[in-house]
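# Examining the three-dimensional arrangement
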Amino acid sequence: MTPFGEKIRVMRKERGVTQGEMAAALGISSAYLSALEHGRRGRPTWELLQRIIGYLNVIWDEAEELERLAELSHPKVTVETAGLSPEATALANRLAETIAILPAGDIKRLLAELETAATRAEAALKEKRRRR
């Protein structure tokens, strides 16, 4: 699930609206809205984003948050994040957006931190498998 998909799903449910009702009002299929909510589609077009904002009748701060989350939900990420947390998807998208402009020292530091985290996660997974 993408950060954007999670947010619009929560907002839709808070308003007691079904996917079918919202999709019809937006002029899209309920299958597309479902895919958007579940992260099988990336960020919506600017026009669709504006229709979503209008339909959900959000205030300025919430509209800006939806726009920001849509940007963090870029569809061309080559890292598979299906089934992972919204935060994992945000991380992958942010890295894809900024990797070309990050100074070498920052990339090295981020990579070292990621490697440390990955080592911990792999060790925990190995221990879990060993216990089975």
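Heads up: the structure comes first, above all this text.
Read on for an overview of the structure. (Residues numbered from 1 in each chain as written. Predicted model: local features only at pLDDT ≥ 70, side-chain atom pairs only at ≥ 80, totals over all residues. Heavy atoms only, no water.)

### Quick word on the environment of F4
Summarising the element assignment, F4 is placed in helix α1 (residues 3-14). Excluding its chain neighbours within four sequence positions, the residues that come into contact with F4 are L36, P44, L49, I52, L66, L69, A70 and S73. (Helix = DSSP H or I, 4+ residues; strand = E, 2+ residues; numbered from the N terminus. Contact = heavy atoms within 4.5 Å.)

### Structural notes on the packing of helix α4 (residues 46-56) against helix α5 (residues 60-71)
Relative orientation of the contacting elements α4 and α5 amounts to 145°, with a least axis distance of 10 Å. Two packed elements cross with a definite hand, and for α4 against α5 that hand is right-handed. In contact with L49, Q50, I53 and L56 of α4, α5 contributes A63, L66, E67 and A70. Looking at the contact of α4 with α5, its residues break down into 6 nonpolar, 1 polar and 1 charged. (Axes fitted to C-alpha atoms, helices over the stretch in contact; angles between N-to-C directions. Left-handed = near helix turned anticlockwise from the far one by under 90°. Nonpolar A, V, L, I, M, F, W, Y, C, P; charged D, E, K, R; others polar.)

### Observations regarding unusual backbone geometry
You will see that N57, though not glycine, has its phi angle at about 50°, which is positive. Checked against the element boundaries, N57 lands in the loop between α4 and α5.

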